[in-house]
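In case you want the letters, here they are:
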Amino acid sequence: MAVGAFVLWGVMPLYWHLLKMVPSLQIVLHRIVWSAVLVAAWLFWKQGGGWLRAVLAQPRLAGMLAASGVLIAFNWGLYIWAVNAGHVIETSLGYFINPLLNVVIGVVFLRERLNSVQWVSVAIAAAGVAWLTFNYGSFPWIALTLASSFALYGVIRKFAAIDAVAGLGVESAYLFLPALAALAWFEFQGTGGFIGGWGAGVDLLLVLGGALTALPLVGFAYAVRRVPLSMVGVLQYIAPTLQFLIGLLVFQEHFDRDRAIGFALIWAALAVFMIDGIRRARRSARA
């Protein structure tokens, strides 16, 4: 289940590329609407309406999920725009950086402590970002914005005491009406094409995009309770690796020596971080 979730996330650029004729904002709005419908239907079937009432009865939790919903919608929007604008390799960089950024956020906001090996890993990754900025000639803002928004999303969800699927359902519920209203406005203005404009095939892909939003998260939520977190930490690199290969081999994106050096530094940082995590997990298990 874990591998399936990460593989789905990894090959998603191919799916969004099929929708390149649809404006990125409208893809995100459809993704919100249809994932909300599908997740809500699943939750009502399994739990009735209690999951929503339980959250709304807790104002702090409801507010946290409203904030996380906005963050994940922004992350989706930037990701889809970047894929269809020819920046798949840079989106993969964002998800390679994300685990290390989680560590930095833990230190800054949660007062967590790093060991010397973890500090070395963060320093190597920072050197890779600096190299990309000054030698490749452009600041990797797409990668860093994707990583930052998803990392902040993860921090909020870490402290939101709610099941992953129910949390997605509440986030989607907050975004559903604004997204639906925006889609209706686009259709009314003649700039939308869902009703007879883009064709039945594209309409079906937009609806299925909602399912592809929900299914990996459901699979991840199922697996993370049954697989050691150290193993999940290793498996999570399946997704950005597949995204990188798709950008390089399928979409033929530019990847020269300077960019390769920057990526190699970040991959080295991840290797140091991952090996240290596996060793500490094994020592903890033996203890």
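Check the entry above for the structure.
Keep in mind the model is a prediction, meaning the values are calculated, not measured.

Undergrad: Looking at this structure, I do not really get the packing of helix α4 (residues 59-84) against helix α7 (residues 141-159). What am I missing?
TA: If you want to describe how two helices pack, look at the angle between their axes and the distance between the axes. Viewed as axis vectors pointing N to C, α4 and α7 meet at an angle of 155°, and their least axial separation amounts to 9 Å. Taken together, the axes of α4 and α7 lie roughly antiparallel to each other. Considering the relative orientation of α4 and α7, their crossing is left-handed. Between α4, through M64, L65, A67, S68, L71, I72, F74, N75, L78, Y79, W81 and A82, and α7, the contact on the second element is made entirely by W141, I142, T145, L146, S149, F150, L152, Y153, I156, R157 and F159.

Undergrad: Would you explain the environment of Q118 in this entry?
TA: Looking at the secondary structure, you find Q118 in helix α6 (residues 116-134). Of the residues examined, Q118 reaches a relative accessible area of 9% and is grouped as buried. Along the sequence, Q118 and F273 sit 155 residues apart, while their C-alpha atoms lie 5.9 Å from each other. With residues near it in sequence (within four places) discarded, Q118 still touches R113, F273, D276 and R280.

Undergrad: Just to check I follow, could you spell out the environment of V107 for this structure?
TA: When you line up the elements, V107 lands in helix α5 (residues 88-110). On the accessibility criterion, V107 (22% relative accessible area) is partly exposed. Residues V107 and Q118 lie eleven residues apart in sequence; the distance between their C-alpha atoms is 11 Å. Aside from chain neighbours lying at most four places away, what touches V107 is E112, L114 and W119.

Undergrad: Would you mind showing me how to read helix α11 (residues 238-250) here?
TA: An α-helix turns once every 3.6 residues. As a result, residues three or four positions apart point the same way. Look at α11: 17 Å from first C-alpha to last across 13 residues, which is about the 18 Å you get at 1.5 Å a residue. Every buried residue of α11 is accounted for by A239, P240, Q243, F244, I246 and G247. Down the axis of α11, the smallest arc covering the buried residues is 160°, so these residues share one side. Looking at the residues trailing α11, positive phi occurs at Q252, about 55°.

Undergrad: Teacher, can you tell me more about the nonpolar core here?
TA: General note: in soluble globular proteins, nonpolar side chains tend to be found buried as a group. Of all hydrophobic cores here, the largest spans 47 residues; its most connected members are W16, L19, I27, I32 and Y79. Put simply, the parts of the chain that give this core at least two residues each are α1 (2-17), α2 (24-47), α3 (50-56), α4, α5, α7, α8 (164-189) and α9 (200-224). Of all the elements, α4 adds the most residues to this core, at twelve residues. Excluding anything up to four places from it in sequence, W16 contacts I27, R31, Y79, I80, V83, N84 and G209.

Undergrad: What am I meant to see in the packing of α5 against α11 here?
TA: Interaxial distance between α5 and α11 falls to 8 Å at its minimum, and their mutual angle equals 165°. On the basis of the axis angle, α5 is roughly antiparallel to α11. The interaxial crossing formed by α5 with α11 has left-handed handedness. Within the contact between the two elements, α5 uses V88, I89, T91, S92, Y95 and F96 and α11 uses P240, T241, Q243, F244, G247 and L248.

Undergrad: Would you take a moment to explain the pattern of salt bridges for this structure?
TA: If the charged atoms of two oppositely charged side chains come close together, the side chains can form a pair. For the structure shown, the criterion picks out three salt bridges. With its nearest N and O atoms 3.1 Å apart, the salt bridge here joins E171 to R157. In this pair, E171 is assigned in helix α8 and R157 in helix α7, connecting sequence segments 14 residues apart. By the burial criterion, E171 is buried, and R157 matches it. In this structure, R257 and D258 form a salt bridge, with 3.4 Å as the shortest nitrogen-oxygen distance. The class of R257 is exposed, set by a relative accessible area of 59%.

Undergrad: Before we go on, may I ask you to explain unusual backbone geometry in this structure?
TA: Where the residue is not glycine, phi is negative for most of them; where a peptide bond is considered, it is trans in most cases. Phi angles above zero are rare outside glycine, and Q252 is one such case at about 55°. Of note, Q252 is situated in the loop between α11 and α12 (257-286).

Undergrad: What exactly am I supposed to notice about a nonpolar patch on the surface here?
TA: A cluster of nonpolar side chains, contributed by V3, V7, V11, L14, L245, L249 and V250, occupies part of the molecular surface with about 530 Å² of accessible area. It is α1 that contributes the most residues to the nonpolar patch, four residues altogether.

Undergrad: Can you walk me through the packing of aromatic side chains in this structure?
TA: Each aromatic ring pair is characterised by the separation of its centres together with the angle its planes make. Scanning the entire structure with this criterion turns up 15 aromatic pairs. Considering the side-chain rings of W42 and W45, the 5.6 Å spacing of their centres and the 65° angle between planes classify their relative orientation as edge-to-face. Separated by three residues within a single helix, W42 and W45 lie in helix α2, roughly one turn from each other. With a relative accessible area of 40%, W42 lands in the partly exposed category. Both rings, one in Y95 and one in F150, keep their centres 6.2 Å apart while their planes meet at 80°; by these two values the pair is edge-to-face.

Basis of the calculations
Residues numbered from 1 in each chain as written. Predicted model: local features only at pLDDT ≥ 70, side-chain atom pairs only at ≥ 80, totals over all residues. Heavy atoms only, no water. Axes fitted to C-alpha atoms, helices over the stretch in contact; angles between N-to-C directions. Helix = DSSP H or I, 4+ residues; strand = E, 2+ residues; numbered from the N terminus. Parallel < 35°, antiparallel > 145°, perpendicular 65-115°, else oblique. Left-handed = near helix turned anticlockwise from the far one by under 90°. Contact = heavy atoms within 4.5 Å. Buried < 20%, exposed > 50% of the residue type's maximum accessible area, 1.4 Å probe, protein only. Expected span 1.5 Å × (residues − 1). Arc of directions from axis to C-beta. Core = buried A, V, L, I, M, F, W, Y, C linked by side-chain atoms within 4.5 Å. Salt bridge = Lys/Arg side-chain N within 4 Å of Asp/Glu carboxyl O. Patch = residues over 30% accessible without salt bridge, like charges linked within 9 Å, V, L, I, M, F, W, Y side chains within 5 Å. Areas by Shrake-Rupley, 256 points an atom, 1.4 Å probe, with all protein chains shown as cover. Phe/Tyr/Trp six-rings, centres within 6.5 Å; stacked < 30°, edge-to-face > 60°.

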